[in-house]
Every structure is written in structure tokens, then in C-alpha cells.
Amino acid sequence: MKDPASPQTVTFFSWVGNEPQMKKMADEFHKQHPNITIKFENAPAEQAQQVLSTRIAGNTAPDVAYINASDTSDYAARGALVDLGNYMGRSEVVKPDDYVEGFKTFVTWNGTMWGLPFDGETTGLFYRTDRFKEAGIDGPPKTWDEFKADAEKLTDAAKGRYGFEMFASEAAYYFYPWLYQAGGDALTDDGKDVAFDSAAAKTAAAFYVDLAKYSPKDYLNSNSYDGRVAFAKGDVAMYVAGAWFAGTLADEYPKLTGKWAAAPLPDGTAGCKTTLAGDSLVMFSQTKVSDAAWLWMEFLSQPDNLANWTYKTEGTLLPPTKSLLNGDDLAKEKPILKPFADLMACGVASTVANPKYPRIETILNEELSKAIYGDQTAAEALDSAAQQGRAILARG
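Presented here is a report on the structure given in the accompanying data block. All values reported here derive from a predicted model rather than from experimental measurement.

## Quick look at the nonpolar core
At step 1: Ranked by internal contacts, the top residues of the largest apolar core, which has 63 residues, are F126 and W296.
At step 2: The element contributing the most residues to this core is helix α12 (residues 290-300), with eight residues.
At step 3: Here this core spans two domains, and each of domain 1 (8-121 + 276-348) and domain 2 (122-275 + 352-394) adds at least three residues to it.
At step 4: Ignoring any residue separated from it by four or fewer positions in sequence, one finds W296 in contact with V10, F12, M22, M25, A26, F29, I38 and V64.
At step 5: Counting residues in each nonpolar core, the second largest holds 53 residues, with F207, V209, A212 and I363 among its members.

In C-alpha cells, the structure reads:
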């Protein structure tokens, strides 16, 4: 790909434009490509999707954006993105086969990749080693039965001590690992029908909802970020969260070092499965500087830049490529991330590549939330969500 003969500006929309590492990469890129200037356009993460949708509708979309990977198919379905196949086919840097399968699922729609996975995380198990020792438990649970037995052993409600922590506000997201471990799925393989009301899904939901017995009621209405306090205080012994939590614990609760550890989630009947979350780089079809935009995306995707953006900084993000995840460098730089890197091989993209799925997920979340509070059974929650989900899928 040749540099432009005259100066061009590539607009880059994200919520990370003010990060020192991102600015540093833009400066380095400009040195290598003096005729291309990266213009950062920032919005808060929680408003990004709304801002982008408005700009797409108004024909003022940016050239490139850093978005939630799970939103990629939604933009692609609207015809808002550039099919990257032609660019990837000519690239020495971007190798589609090197991306973790779950991340490729996020950015694929109608069999085509519309985004480049850029960073991500898996969901794992954090546990208080001091609480486990007190309870006489040797190590983290490796099966569902062990998980439930440990949660029960670690719970003493009279003393305000609990084995696990769950959040009704995020009921669907934290249900997915159990769903996949049981051999279930959110949608059918073709993405055209709901699958979370299967027998396997109901087994998973019953197990998951039952864990509320071992969780503090005060935190049910909270969220996974606020819930970190109960874990830090030792009121909760097990906590399912993404790799971000490792960085949060190290930054906010340095005195806890040595009193907690991370492990893969326990295996279900379908073996090792976990959820993935991440971000991707996309190019909008309204761009008039597509070659320059690709050069920026390709530059950010260089292995050194992926490493510097993820595990070589203060945070705990993981790179999306197998070569970096399996390399010695990651384990050496950030040992705490090793269990999460290992889990990438078991990762399932939690938001199915169907533009209508986010609406269905909202309903699933509401119904599972009611079950967690005891207002209905887990099976009733899934049946109700499935009925409403099918109505959404049927609307053309």
C-alpha cells in the first residue's frame, strides 16, 4: 500500500484518543507516513454507539473507529463499513488466521470480516486464597460440583461472609459462560432462532440462578465494578470477572497482593468455555481516504503495537492474536494474565453476530434478573425471554 502523494487526514473516533500510548503510536505513525495526519475524535465509551449512529445517519462518519467488537456486525448490516477482505489479502501484517476464533466471530458478518480485532479479555475466576485456606479448600474449583460445594462451604450469612457474588443487572452476561459450558448457545448456528431455551441452557440457568443463595443480597442490584469492594473486603470469596479485575485489584488494593489469585472457570459437560469481550478497528464506507485509513489500521495491528497497547501497559487487556497470546513475552511481562490468555482458546463471542441480538439480550437479562430475585424459576425466565426474542427475530 503506497503512501498518499499529498497530505491527507484520517479521522479516528474512539474513547481512547487521550491515552498516552495511543498518542505515542499516532506520533510514530506520522513519522513513518509524513503525508498522513491522525485526527482524534473522542466520545465517552458509553455514548460512542449513539454518537456514531447519529454521524452515520448524517453522512459525517469518521474514517476509522475503535468500537466494541460486538457492535461490528450491527454497523456492517447497515452498510456503514468497508469490507476489509481486499486490504487483508494484500497485507504482510494482518493475518486473519492468527486471530483468536471468538474475536473473528465478533467482527464477521455474512461470512466477511468487517473489523480488525484489537484488544480483549476473557472471563475467569478470581478467588480469595486466604478465605479458601480458612475453609480448608486446597485450590480453585475445577468442576461445577466443586464450585457449588466450595460456594456453600465459604458461605456464612450470619457473619456476612459469602462464597460467590452475582449481579442481577448483568445477569445475562455472566450467565453465558455456564450456558456454553453446558453445551448450550444463545442463538442457533445460522443466527436465525433463539437457542437459550434448550435443555442444556435450562440446566445451566438452574445452576446459575441457584448460586444466588451463596451471594450477598445487598450486591444483587449492583454491578461487577462496584462489586469489587465486597471481594476486596473478603466478604465474598469467589468472583467471576474479566481480566480487567486483575489490574483493578493491583491498583486499588495493593495490600491484598498474595491474598487472591485467578484461575480458569470450572469446566462443564462441554468442557472449558468462557466469554470474550473486546474492541475492534473498523473503516466506515463514507471515507474518502480509504488507503490512508487502512495504513493506520494496519500500523495499529503490528504485533509490537498490539503488545504495547495491551499487556505491556498498566492495564490488563489481552492481545487478540494467537501468536502473542502463546508467546513467552506475555507470561513474563504480566504473569497474572496467563490464566486469562490460556482461556482464550475456550473463548466464545458472547454477543452473537446478529444485529437484532442486543435487543434480545436486554430481555434475557431482565428475565434472568427476576429469577435471581426469586420472582420466577430459571426455566420460566428462559421461556419468557425466548418467546419475546423470537418475536424480535420474526420482524423482518
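## Description of unusual backbone geometry
Glycine aside, negative phi is the norm for most residues, and most peptide bonds take the trans geometry.
At step 1: Phi angles above zero are rare outside glycine, and N59 is one such case at about 60 degrees.
At step 2: Among the structural elements, N59 can be located in the loop between α2 (48-57) and β3 (64-68).
At step 3: With a relative accessible area of 61%, N59 lands in the exposed category.
At step 4: The phi torsion at N110 lies on the positive side, around 55 degrees, for a residue other than glycine.
At step 5: Given a relative accessible area of 62%, N110 falls into the exposed group.

## A look at the packing of aromatic side chains
Within a pair of aromatic rings, the relevant descriptors are the distance that separates the centres and the angle that separates the planes.
At step 1: For the coordinates displayed, the defined rule picks out 32 aromatic pairs.
At step 2: Ring-pair connections join several aromatic residues into one group, and the members of that group are F126, F167, Y173, Y174, Y225, F231, Y239, W244, F245, W260 and F340.
At step 3: Looking at R128, its charged tip hangs above the ring of F231, at a distance of 6.0 Å from the centre.
At step 4: The ring of Y225 has R228 sitting right over it, with the charged end atom 3.9 Å from the ring centre.

## Quick notes on the packing of helix α7 (residues 144-153) against helix α9 (residues 199-210)
At step 1: Orientation of α7 relative to α9, taken along the N-to-C sense of each, is 20 degrees, at an axis distance of 11 Å. Between α7 and α9, the interaxial angle falls into the category roughly parallel. Handedness of the α7/α9 crossing: left-handed. Between α7 and α9, the residues in contact are W144, F147 and K148 and T203, A204, F207 and D210, respectively.

## Some points on α2
At step 1: Of all the positions in α2, only A48, L52, S53, R55 and I56 are classed as buried. Seen end-on, α2 carries its buried residues on one side only, within an arc spanning 165 degrees. Relative to its buried face, α2 has exposed residues pointing more than 90 degrees away, namely Q50 and A57.
At step 2: In this structure, the buried residues of α2 make contact with β1 (8-14), β2 (36-42), β3 and α3 (72-77).
At step 3: Once α2 finishes, N59 follows within two positions and takes phi at roughly 60 degrees, a positive value.

## Observations concerning the pairing of strand β9 (residues 274-283)
At step 1: Of all the ten residues making up β9, nine are buried; the element is thus mostly covered by neighbouring parts of the structure.
At step 2: Bridging between strand β6 (residues 116-128) and β9 involves six bridges; their strand directions are antiparallel. What sits directly across from L116, in β9, is L281.
At step 3: Across three bridges, β9 lies against strand β10 (residues 347-349) in parallel orientation. When the sheet's bridge partners are listed, T275 is paired in β10 with V348.

## Some thoughts on the environment of G278
At step 1: The residue G278 is located in strand β9 in this model.
At step 2: Taking the C-alpha atoms as reference points, G278 and A243, 35 residues apart in sequence, are found 11 Å from one another.
At step 3: Filtering out sequence-adjacent residues up to four positions away, G278 remains in contact with I67, N68, A69, F103, F106, D119 and G120.

## A short note on the packing of helix α8 (residues 171-181) against α9
The description of two packed helices rests on the angle between their axes and on the distance between the axes.
At step 1: For the pair α8 and α9, the least separation of the axes is 9 Å and the interaxial angle reads 120 degrees. Relative to α9, the element α8 is oriented oblique. Crossing of α8 against α9: the hand is right-handed. Here A171, Y174, F175, W178 and L179 of α8 come into contact with α9, specifically with A201, A204, A205, F207 and Y208.

About the criteria used
Residues numbered from 1 in each chain as written. Predicted model: local features only at pLDDT ≥ 70, side-chain atom pairs only at ≥ 80, totals over all residues. Heavy atoms only, no water. Core = buried A, V, L, I, M, F, W, Y, C linked by side-chain atoms within 4.5 Å. Buried < 20%, exposed > 50% of the residue type's maximum accessible area, 1.4 Å probe, protein only. Helix = DSSP H or I, 4+ residues; strand = E, 2+ residues; numbered from the N terminus. Domains from an automatic or database assignment. Contact = heavy atoms within 4.5 Å. Phe/Tyr/Trp six-rings, centres within 6.5 Å; stacked < 30°, edge-to-face > 60°. Lys NZ or Arg CZ within 6 Å of the ring centre and 35° of its normal. Axes fitted to C-alpha atoms, helices over the stretch in contact; angles between N-to-C directions. Parallel < 35°, antiparallel > 145°, perpendicular 65-115°, else oblique. Left-handed = near helix turned anticlockwise from the far one by under 90°. Arc of directions from axis to C-beta. Pairing = 2+ DSSP bridges.

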